[in-house]
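Listed below are the residues making up each chain.
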Amino acid sequence: MGRRRKGQAVNGWLVLDKPEGLTSTKAVGRTRWLFDAIKAGHAGTLDPLATGILPIAFGEATKTVPYAVDGAKTYRFTVRFGAETDTDDTEGTATATSVIRPTRADIEAALSQFVGEIEQVPPRFSALKVDGARAYDLARDQEEFELAPRIVSIDRLAVVDLPDPDHCVLEADCGKGTYVRALARDLGRALQCLGHISALRRTRVGDFVQDEAVTLEAVKQAAEESREAVLGLLQPVDRPLCDLPALSVTPVDAARLRQGRSVLLRGRDAPIVTGPVYAVSRAGLVAIGEVAQGEFHPSRVFNLPE
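Just so we're clear, the structure is a prediction, and the values are computed from it rather than from any experiment. (Residues numbered from 1 in each chain as written. Predicted model: local features only at pLDDT ≥ 70, side-chain atom pairs only at ≥ 80, totals over all residues. Heavy atoms only, no water.)

**Q** In this structure, what is going on with helix α3 (residues 104-111)? I would like to understand it.
**A** The periodicity of an α-helix, 3.6 residues per turn, causes residues three or four positions apart to be oriented the same way. Taken together, the buried positions of α3 are I107, A110 and L111. Down the axis of α3, the smallest arc covering the buried residues is 105 degrees, so these residues share one side. Turned more than 90 degrees off the buried face of α3, the exposed positions are A105 and A109. (Buried < 20%, exposed > 50% of the residue type's maximum accessible area, 1.4 Å probe, protein only. Helix = DSSP H or I, 4+ residues; strand = E, 2+ residues; numbered from the N terminus. Arc of directions from axis to C-beta.)

**Q** What am I meant to see in the sheet that holds strand β15 (residues 263-264) here?
**A** Sheet strands line up and pair through hydrogen bonds in the backbone, either parallel or antiparallel. Taken in spatial order, the five strands of this open sheet run β14-β16-β17-β18-β15, and their pairing is mixed. Each edge of the open sheet carries a strand with a single partner, namely β14 (246-248) and β15. As paired elements, strand β17 (residues 284-292) and strand β18 (residues 295-301) share six bridges and run antiparallel to each other. Counted as the bridge partner of I288 is R300 from β18. (Pairing = 2+ DSSP bridges.)

**Q** Please explain the packing of aromatic side chains as it appears in this structure.
**A** In this description, an aromatic ring pair is defined by two values, namely the gap between the centres and the angle between the planes. Counted according to the given criterion, the structure contains two aromatic pairs. Geometrically, the ring pair formed by W13 and F208 is tilted, given 5.4 Å between the ring centres and 45 degrees between the ring planes. Taken as a pair, W13 in strand β1 (residues 12-18) and F208 in strand β13 (residues 208-209) lie far apart in primary sequence, 195 residues in all. Their ring planes at 40 degrees and their centres at 4.7 Å tell us that F35 and F58 sit as a pair that is tilted. Taken as a pair, F35 in helix α1 (residues 24-35) and F58 in strand β3 (residues 51-58) lie far apart in primary sequence, 23 residues in all. (Phe/Tyr/Trp six-rings, centres within 6.5 Å; stacked < 30°, edge-to-face > 60°.)

**Q** Please clarify how the pairing of β18 should be interpreted in this entry.
**A** Each regular strand displays side chains that alternate between the two surfaces of the sheet. Two strands pair when backbone bridges link them, and β15 and β18 are joined in this way by two bridges, in the antiparallel orientation. The residue bridging L264 from the neighbouring strand is E295, located in β18. Here β17 hands over to β18 after two residues, with Q293 in that stretch at a positive phi of 50 degrees.

**Q** Sorry if this is basic, but what is going on with the pattern of salt bridges here?
**A** In a structure, side chains of opposite charge can pair up when their charged atoms sit close to one another. Overall, the coordinates contain 15 salt bridges when judged by the stated rule. For the salt bridge of R189 with E84, the shortest nitrogen-to-oxygen distance reads 2.6 Å. In this pair, R189 sits in helix α5 (residues 180-190) while E84 sits in strand β5 (residues 83-85), placing the two residues 105 residues apart along the sequence. Owing to a relative accessible area of 45%, R189 belongs among the partly exposed residues under this scheme. Each of R76, R156, E171 and D173 takes part in salt bridges that share partners, so that together they form one network. (Salt bridge = Lys/Arg side-chain N within 4 Å of Asp/Glu carboxyl O.)

**Q** Whenever I open this one, the packing of α1 against helix α6 (residues 216-225) confuses me. Can you help?
**A** The description of two packed helices rests on the angle between their axes and on the distance between the axes. Viewed as axis vectors pointing N to C, α1 and α6 meet at an angle of 15 degrees, and their least axial separation amounts to 9 Å. Judged by the angle between their axes, α1 and α6 are roughly parallel. The handedness of the crossing between α1 and α6 comes out as left-handed. Contacts between α1 and α6 pair R30, T31, L34 and F35 from the former with L216, V219, K220 and A223 from the latter. In terms of residue class, the contact of α1 with α6 is built from five nonpolar, one polar and two charged. (Axes fitted to C-alpha atoms, helices over the stretch in contact; angles between N-to-C directions. Parallel < 35°, antiparallel > 145°, perpendicular 65-115°, else oblique. Left-handed = near helix turned anticlockwise from the far one by under 90°. Contact = heavy atoms within 4.5 Å. Nonpolar A, V, L, I, M, F, W, Y, C, P; charged D, E, K, R; others polar.)

**Q** Could you clarify how one ought to interpret the state of the cysteines in this entry?
**A** Structurally, a disulfide amounts to a covalent bond that connects the sulfur atoms of two cysteines. Throughout the structure, instances matching the rule amount to zero disulfides. Here C168 is not cross-linked by a disulfide; its sulfur's nearest cysteine counterpart is in C193, at 9.5 Å. Among the residues examined, C168 registers a relative accessible area of 0% and is labelled buried. With no disulfide of its own, C242 lies closest to C174 among cysteine sulfurs, the gap being 17 Å. A residue is classified by how much of its surface remains accessible, and C242, at 44% relative accessible area, is partly exposed. (Disulfide = S-S within 2.5 Å.)

**Q** What should I look at first to understand the side chain of E84 in this one?
**A** On the basis of relative accessible area, E84 is assigned to the buried category, the value being 10%. Engagement of the side chain of E84 in a polar contact is seen with the side chain of R189, the distance being 2.6 Å. Among residues more than four places away in sequence, those in contact with E84 are T93, A94, T95, A96, R185, R189, L194 and G195. (Polar contact = N/O pair within 3.5 Å; in protein donor to acceptor, adjacent residues only side chain to side chain.)

If you want it as structure tokens, here you go:
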């Protein structure tokens, strides 16, 4: 048997507009194949039901995934009132129903309790681990288990539309770890009408926004056109680092950093900075690290072509 082809060195970010019905893992697999890339990963799982922004990192960009994951996210979602499901979305089985339907005034009055630092119990059908097993596997097997509540941050929650008594469209700006399905469930409970997600779209992940997102079909067409066309869809490796200060270093210091060694920030023009920064040399990303007492200590180094 011949040796399996590993792919090519591809570095950068693809802002994918994930279609409904596809898992995040399969979306990464398909784009990795289309790019013929050695390595790929994503920044923040989207449920199969959900559509929208799924940032996919290739090659050296995978080292910046934590910074994309930590970025604020925006979701537009539809809550269907009148039933709670075991999955907190339309794919599940109804576990309780209600004939109560809230007014717009009722909904807007209830939203304030879900803004700020709030306590949230994740959905039972989630990828969280319980004693080494995935919660969704335990839930499918009808095992008894409890998920501990966690503190999440929601900066904004607003009504976008109320198309009929059964549905409400909302938009949320939230932080890492927030489950929108749990938000829909808890809103339904607060309004005493019960509810679950019937549609969900992510429109922002950190600095990535939906206006720059590309579809799988567009990626496929570019890959069929030429290697240059598909690579032209990529964003720079350092795109998620926009909130960190950039530090310019000499080629000599860049070589030292790539060996994992720290460098002193010398001279009267040395920047006065502390905390997390990223270093660049000749406009290329070199390392991410911390500055302490005038010295830059790399934590992740990058091996990008000059």
